[in-house]
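So you can see what is in the structure, the chains are spelled out below.
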Amino acid sequence: MVQVNVSVALAAPAARVWEFIGGFHSLAEWSSSIKSCVPERGGRVRRLKTTDGAVIAERLESFSEAEREYSYSIVSSPIPVRNYYSTLKVSGTADGAGCTVQWSSQFEAVEAIEQAMVDVFQHLYESAFVDLKRIMGI
C-alpha cells in the first residue's frame, strides 16, 4: 500500500475554506481537473467526469462537520489502483486567521506503475490546491 499526502497553508479562516470545499459534491467547483460531479445514491456517491473524459465513481465513507473532514473510496475508475481511500481535511491555525488543507490517500497499484500512480495523485491534489487559491482569491 502506498500513500500520498499533500497539504497547503492558506491565508483564510478554516471555516471559510471548509464552507467552500467541504461539500462532498463540490469538487468540480474548485478543481479544474474535474468537469462535472453528479450526486448518486442519495448523495452517498459522486460520479466525477474529468476534463479528459474519464468517469470515476467515489463513495463517501465518513463525514465530520466538527472536524472539517471527509473520507471517500473509489467505487469504479479507469485508474489502475485498488483499495483507494482518501481524506480531505481543513485545520485552522492557532490564531484562527489561516488554515491548512490536507488531502491524503492510500491505495494499491501494480509495482511497475506504483510510482507513476503516486505522481498522478500528487499532481491532482497539488493542481486542485492551486485552483482553490486562485478561485478563493487567497
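Basis of the calculations
Residues numbered from 1 in each chain as written. Predicted model: local features only at pLDDT ≥ 70, side-chain atom pairs only at ≥ 80, totals over all residues. Heavy atoms only, no water. Helix = DSSP H or I, 4+ residues; strand = E, 2+ residues; numbered from the N terminus. Contact = heavy atoms within 4.5 Å. Pairing = 2+ DSSP bridges. Buried < 20%, exposed > 50% of the residue type's maximum accessible area, 1.4 Å probe, protein only. Arc of directions from axis to C-beta. Axes fitted to C-alpha atoms, helices over the stretch in contact; angles between N-to-C directions. Parallel < 35°, antiparallel > 145°, perpendicular 65-115°, else oblique. Nonpolar A, V, L, I, M, F, W, Y, C, P; charged D, E, K, R; others polar. Core = buried A, V, L, I, M, F, W, Y, C linked by side-chain atoms within 4.5 Å. Phe/Tyr/Trp six-rings, centres within 6.5 Å; stacked < 30°, edge-to-face > 60°.

(A) Layout of the side chain of Ser-31. Take Ser-31: it is sitting in the loop between helix H2 (27–30) and strand S2 (34–40). The contacts of Ser-31, once residues within four sequence positions are left out, are Ala-128 and Asp-131.

(B) View of the pairing of S2. Where S2 and strand S3 (residues 45–50) come together, 6 bridges link them in antiparallel fashion. Bridged to Glu-40 within S3 is Val-45.

(C) Quick peek at helix H1 (residues 14–21). Those residues of H1 lying buried are Ala-14, Val-17, Trp-18 and Ile-21. The arc enclosing the buried residues of H1, seen along the axis, measures out at 100°, which places them on a common side.

(D) Layout of the packing of H1 against helix H3 (residues 114–136). In contact at an axis separation of 12 Å, H1 and H3 are set at 110° when each is read in the N-to-C sense. Taken together, H1 and H3 sit at an angle that is classed as roughly perpendicular. Residue-level inspection shows Arg-16, Val-17, Phe-20 and Ile-21 of H1 in contact with H3, the latter providing Leu-132, Ile-135 and Met-136. Of the residues assigned to the contact of H1 with H3, the class counts are 6 nonpolar, no polar and 1 charged.

(E) Geometry of the nonpolar core. Within the largest apolar cluster, 37 residues are counted, with the highest numbers of intra-cluster contacts made by Val-17, Trp-30, Val-101, Trp-103 and Phe-107. Going through the elements one at a time, strand S1 (2–10), H1, H2, S2, strand S5 (69–76), strand S6 (81–92), strand S7 (99–109) and H3 are the ones with two or more residues in this core. For Trp-30, the residues in contact, after removing those within four places along its chain, are Phe-20, Ile-21, Leu-88, Trp-103, Ala-128, Phe-129, Asp-131, Leu-132 and Ile-135.

(F) Looking closely at the packing of aromatic side chains. Overall, the coordinates contain 14 aromatic pairs when judged by the stated rule. Between the aromatic rings of Tyr-72 and Tyr-84, the centroid separation amounts to 6.0 Å while the plane-to-plane angle is 45°, which identifies the pairing as tilted. Here the residue Tyr-72 occupies a position in strand S5, and Tyr-84 occupies one in strand S6, the gap between them amounting to 12 residues. On the basis of relative accessibility, which here comes to 2%, the residue Tyr-72 falls in the buried class. For the ring pair Tyr-84 and Phe-107, a centre distance of 6.1 Å and an interplane angle of 20° mean the geometry is stacked. Of this pair, Tyr-84 sits in strand S6 while Phe-107 sits in strand S7, and the two are 23 residues apart along the sequence.

(G) Fine view of the sheet that holds S1. Read from one edge to the other, the open sheet built from 7 strands follows the order S1-S7-S6-S5-S4-S3-S2, with strand pairing classed as antiparallel. Bordering the open sheet on either side are S1 and S2, each of which pairs with just one other strand. Along the sheet, successive strands turn relative to each other by an average axial angle of 20°, direction set aside. Both S1 and S7 contribute to a ladder of 9 bridges, which runs antiparallel.

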